[in-house]
Amino acid sequence: MFMQHETYPAALLELVAHADDAIKAIPPLFPLASSVAVNPFLGQTSEPLPVTAARLARVAGARILPERAMFAAKIDAGEITDDDIIEALAAAGGTFHRPSLEDVKAALKVQPEAPKALPTVAQLAADVSGIDWPSLIEERIGVWAASHFDEGQALWQPYRTGGVFIAWREFAARDLTPEIHGLKGFGAFVAATSRSQWRAIGRACETLGLKAEAANTGFHRLLMDLGGWAQYARYLLWQAELYGQNDSSAAELLAVRMVWDEALYELYKDQIAERWEKVVQAHTLPVTPTRDDVIDAVLQTAAERGQQRKLGLALAEATPRKIDGRPALQAAFCIDVRSEVYRRALETLDTGIETIGFAGFFGVTAAHKAAGSDVVEARGPVLLQMGTQTHAGESEEADLTRRYSARAKRAWGRFKLAAVSSFAFVEATGPVYAGKLVRDALGLGHGHAGAEPAPQMDPSVDLEARIGMAMGILNAMSLTSNFAPIVLIAGHGANVTNNPHESGLHCGACGGYAGDVNARLLASVLNEKAVRDGVKEKGMEIPADTLFIPALHDTTTDTVTLYDQDVPAANGRSDMAQLRTWLTAAGQLARTERSARLPRAGQGNDVAKRARDWSELRPEWGLAGCRAFIAAPRGRTDGTTLSGQSFLHSYDWRKDEGFGVLELIMTAPVVVASWISLQYYGSTVAPQLFGGGNKLLHNVAGGIGVLEGNGGSLRPGLPWQSVHDGENYQHDPLRLSVVIEAPREAMTDILRRHDGVRDLFDNGWLHLIAMDDDGKLGWRYDGNLSWSPISGTPPDGSAIAAE
């Protein structure tokens, strides 16, 4: 970690390095305003699943693989065969306790005991004192952290000068709660600690006898104890590092947690020292998976092989549609699995409709300021820095009017919540709100806000840059010729009410915002005559009658809003009326299909009502069920029913000279999709560790996350209602299968140059499959830059080879 102005002894520097590693081992938690799915195993991608299972058992007491009953049910249903298990055993290698087929099948009858984390000092102190110190620590840190990290929810702001650790010292030195519970002199103990978090950590390690050999998982254990607060601090570090800076909040939180254990150790040393010494010794041991960890990982791989076989059968049924001449409509949607249902519905309406899948930010990483706001919204993948400066295009007068209105609303809101006026407000005006309560309860008070003014790029983005942007994005979309009269650019978002996790239903590629701004920006560039003239000079001709129409696909209601007001040339065109008819009909078809899966949604029309119902726990299923990512021409999946479970990215490798687009797909959309898939996986198999808890008990804390109840740690991940319908899981915890139609040599070269992406595939967090010339699953990536033919594929190289 970054340290300055002080010189530290070598022993402390070694502890600092281990603290840095432990901090990188936990995932970031993005704030509610722009929350995106995060891979909860982000810090473990350099190791295989069985090792991670052993690691998280040690530091969190969590099981991260499905219950064996789930695997047994799949075997009974024929979804997992003996061949799948045999192949999974072969893929597992012999590094760890390699079982046999008989061992695996016998293990299905026995559920392993739930793992137990190595205890902290607080837990040992609780055992001997009868005082629930771990819960007290969680509660007191939570009380302080909710106010310290607050992003505007609270009216009064606490002392924050000096950073996290110094601010906590000011709070804890005056907090009498620990002393009331028996930790005498805690305030004075805290006040006597160093103001440097590193020196505080060093002193605590010396007191606890935590040497460097035990520090890695020892620190990791304490950070996991901090739950979502540590993950939010990790987010602050993530953001800082993205721009070449640093943030020490996570390290300072670690110091906070260690001071608690140091104080408890001093109080209970005589009673717990011997047990604690054994715990420290256990932390020095290598992280090694148990036999059960290996068996469960084999079963997990076998389940995924079974689903890949099922996917292969579905793709074999693909019936590519042939569009004679010019398409009537080309519609580009996000690769999000929810778009697959709508795209398939739209294509059934006319043989001249062609749909395209592309990352929902449409190649535009916008640092956007909404109308009447100075807040910069990072509307792009969180893996990338904010790019183009954009803002809502409206007159100065309209902007001022909007700002005055917003200030008046804020002032009224503060008056309603202020310490004194809130009581008089409720007494005086409470009855006035009866009508609003009735309207909201009946779903009548929630509707679409009016469209924002069209976004505009900063003048610094000159014509040459816009031409380059247009060429790059159209090439990446494999849309370079035979343009339709109308090309729809449809971002997506979710229209829900009373849902703190709303941004998690928006576009992940847009940083947790809806994709309307990105779609409108791209359409404005592609409709510009000077840009079209420029791309024509570079060899790409867009017909004069082609219009790019921006739109927003509401994934909750499956309605599509057109922003044709941005395109004056669209006025009066008859094909615009036809477009609206098609979109309305496709929405009805999509809602009907989705209603079969949603609880209490017997008819397609019921789906739209869920968006307005403030008591609805499951307005939509989000990306629950996602299991595959396919990058290939649409013809490879045309006519197949993928049930909203596959990310579909349009890609034609024959048009990708130098494989630059392939590299972009494998290093950005694939990685984002892996984050989504693994967040759903983690929230399903380890809900207590990586899940968001019960929506019914949520309270928003600081505007950054939710508490389950009225205190404690933030709950990261997805709420239980996002993966379970009350009776059954709605997400099958499978690691994502990435299927790409491209030469294996090209993919191997990309993996060779990108270690982080290679780790995902080499360690089994993702599966990589090469599609052959016939659109079948031809070759499987085995790790270490090697491939093997999938059963049924001739080994003579009939899968695509580099040309």
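Please refer to the structure placed before this passage.
Small disclaimer: the values here were computed from a predicted structure and weren't measured.

Attention now moves to the overall build of the protein. When its secondary structure is counted, the protein shows 29 helices and 17 strands. For 803 residues, the compact-globule estimate of 2.2 N^0.38 gives 28 Å, and the protein sits close to it at 28 Å. C-alpha atoms of the protein, sized along the principal axes, occupy 85 × 75 × 55 Å. Looking at the protein as a whole, 55% of its 803 residues are labelled buried. Summarising the internal contacts of the protein: among those between residues at least 6 apart in sequence, 73% fall at separations of at least 24. Roughly 33,400 Å² of accessible area belongs to the protein as shown, and the carbon and sulfur atoms make up 53% of that amount. Distance between charge centroids for the protein: 3 Å, based on 76 positive and 97 negative side chains.

Time to look at the nonpolar core. Core analysis: the biggest nonpolar cluster contains 174 residues, and Trp-168, Phe-219, Met-258, Phe-629, Phe-647 and Leu-768 have the highest contact counts within it. With 18 residues, helix 14 (residues 249-283) is the single largest residue contributor to this core. Once residues within four sequence positions are removed from consideration, Phe-629 is found in contact with Ile-335, Phe-647, His-649, Ile-665, Pro-669, Val-670, Ala-673, Leu-736, Ser-737, Val-738 and Val-739.

Looking now at the packing of helix 28 (residues 744-753) against helix 29 (residues 755-762). Closest axis-to-axis distance for the helix 28/helix 29 pair is 6 Å, and the angle between their directions is 115 degrees. Taken together, the axes of helix 28 and helix 29 lie roughly perpendicular to each other. Of helix 29, the residues touching helix 28 (which contributes Leu-751, Arg-752 and Arg-753) are Asp-755, Val-757, Arg-758 and Phe-761. Tallied by class, the residues present in the contact of helix 28 with helix 29 amount to three nonpolar, no polar and four charged.

A few words on unusual backbone geometry. With the exception of glycine, the majority of residues adopt a negative phi angle, and the majority of peptide bonds are in the trans configuration. In this structure, Asn-482 takes a positive phi of about 50 degrees despite not being glycine. Note on placement: Asn-482 falls in the loop between helix 20 (463-476) and strand 7 (486-493). In this structure, Asn-784 is a non-glycine residue whose phi angle is positive, near 55 degrees. Here Asn-784 is to be found in the loop between strand 16 (777-783) and strand 17 (786-789). Owing to a relative accessible area of 61%, Asn-784 belongs among the exposed residues under this scheme.

Turning to the packing of aromatic side chains, a few remarks are in order. On inspection of all chains with the given rule, the structure shows 20 aromatic pairs. Members of the aromatic cluster, each reached through a chain of ring pairs, are Phe-30, Trp-144, Phe-149, Trp-229, Tyr-232 and Tyr-235. We note Arg-744 situated over the ring of Trp-779; from NZ or CZ to the ring centre the distance is 3.9 Å.

Moving on, we get to the sheet that holds strand 2 (residues 353-358). Spatially, the five strands line up as an open sheet ordered 2-1-7-8-9, and their pairing is mixed. Looking along the sheet, the strands with just one partner apiece sit at the ends: strand 2 and strand 9 (559-562). On average, adjacent strands in this sheet sit at an angle of 30 degrees to one another, irrespective of strand direction. Lying on the sheet, helix 23 (residues 574-595) is in contact with strand 1 (329-334), strand 2, strand 7, strand 8 (547-554) and strand 9; it crosses strand 9 at an angle near 155 degrees.

A surface patch of nonpolar side chains, amounting to about 390 Å² of accessible area, comprises Leu-155, Trp-156 and Leu-417. Judged by relative accessible area, Leu-155 falls into the partly exposed class, the value being 31%.

On to the packing of helix 20 against helix 21 (residues 516-527). Viewed as axis vectors pointing N to C, helix 20 and helix 21 meet at an angle of 110 degrees, and their least axial separation amounts to 10 Å. As summarised for this structure, helix 20 and helix 21 are arranged roughly perpendicular, according to the angle between their axes. Contact residues: helix 20 offers Arg-466, Met-469, Ala-470, Ile-473 and Leu-474, while helix 21 offers Leu-522, Val-525 and Leu-526. Here the contact of helix 20 with helix 21 is composed, by residue class, of seven nonpolar, no polar and one charged.

The next subject is the side chain of Gln-231. Relative to the helices and strands, Gln-231 resides in helix 13 (residues 228-242). By relative accessible area, which is 7% here, Gln-231 ends up buried.

All right, on to the pattern of salt bridges then. Scanning the entire structure with this criterion turns up 52 salt bridges. With a closest N to O distance of 2.7 Å, Asp-545 and Arg-326 form a salt bridge. Taken together, the residues Asp-545 in the loop between helix 22 (529-537) and strand 8 and Arg-326 in the loop between helix 15 (291-316) and strand 1 connect sequence positions 219 residues apart. Looking at Arg-326, the relative accessible area reads 35%, which means it is partly exposed. Put simply, Arg-752 and Asp-749 hold a salt bridge, and the shortest N to O gap is 3.7 Å.

Let us now look at the side chain of Thr-390. Tracing the backbone through its elements, the reader meets Thr-390 in strand 5 (residues 388-392). For Thr-390, the side chain forms a polar contact with the side chain of His-368, separated by 2.7 Å. Those residues in contact with Thr-390 that sit more than four places away from it in its chain are Ala-366, Ala-367, His-368, Lys-369, Gln-456, Met-457 and Leu-521.

Now for the sheet that holds strand 5. In space, the four strands of this open sheet follow the order 4-3-5-6, with mixed pairing throughout. Of all strands in the sheet, those with a lone pairing partner are strand 4 (376-379) and strand 6 (455-457), marking the two edges. Each adjacent strand pair in this sheet contributes to an overall mean axis angle of 30 degrees, direction not counted. Strand direction decides the pairing type here: strand 3 (residues 366-369) and strand 5, joined by four bridges, are parallel. Across the sheet, Lys-369 pairs through a bridge with His-391, a residue of strand 5. Here helix 21 sits on the sheet and contacts strand 3, strand 4, strand 5 and strand 6; the angle it forms with strand 6, its principal contact strand, is near 55 degrees.

Cut-offs and rules
- Residues numbered from 1 in each chain as written.
- Predicted model: local features only at pLDDT ≥ 70, side-chain atom pairs only at ≥ 80, totals over all residues.
- Heavy atoms only, no water.
- Helix = DSSP H or I, 4+ residues; strand = E, 2+ residues; numbered from the N terminus.
- Rg over C-alpha atoms; globule rule 2.2 N^0.38 Å.
- Buried < 20%, exposed > 50% of the residue type's maximum accessible area, 1.4 Å probe, protein only.
- Contact = heavy atoms within 4.5 Å.
- Areas by Shrake-Rupley, 256 points an atom, 1.4 Å probe, with all protein chains shown as cover.
- Lys, Arg positive; Asp, Glu negative; His and termini not counted.
- Charge placed at Lys NZ, Arg CZ, Asp CG, Glu CD.
- Core = buried A, V, L, I, M, F, W, Y, C linked by side-chain atoms within 4.5 Å.
- Axes fitted to C-alpha atoms, helices over the stretch in contact; angles between N-to-C directions.
- Parallel < 35°, antiparallel > 145°, perpendicular 65-115°, else oblique.
- Nonpolar A, V, L, I, M, F, W, Y, C, P; charged D, E, K, R; others polar.
- Phe/Tyr/Trp six-rings, centres within 6.5 Å; stacked < 30°, edge-to-face > 60°.
- Lys NZ or Arg CZ within 6 Å of the ring centre and 35° of its normal.
- Pairing = 2+ DSSP bridges.
- Patch = residues over 30% accessible without salt bridge, like charges linked within 9 Å, V, L, I, M, F, W, Y side chains within 5 Å.
- Salt bridge = Lys/Arg side-chain N within 4 Å of Asp/Glu carboxyl O.
- Polar contact = N/O pair within 3.5 Å; in protein donor to acceptor, adjacent residues only side chain to side chain.

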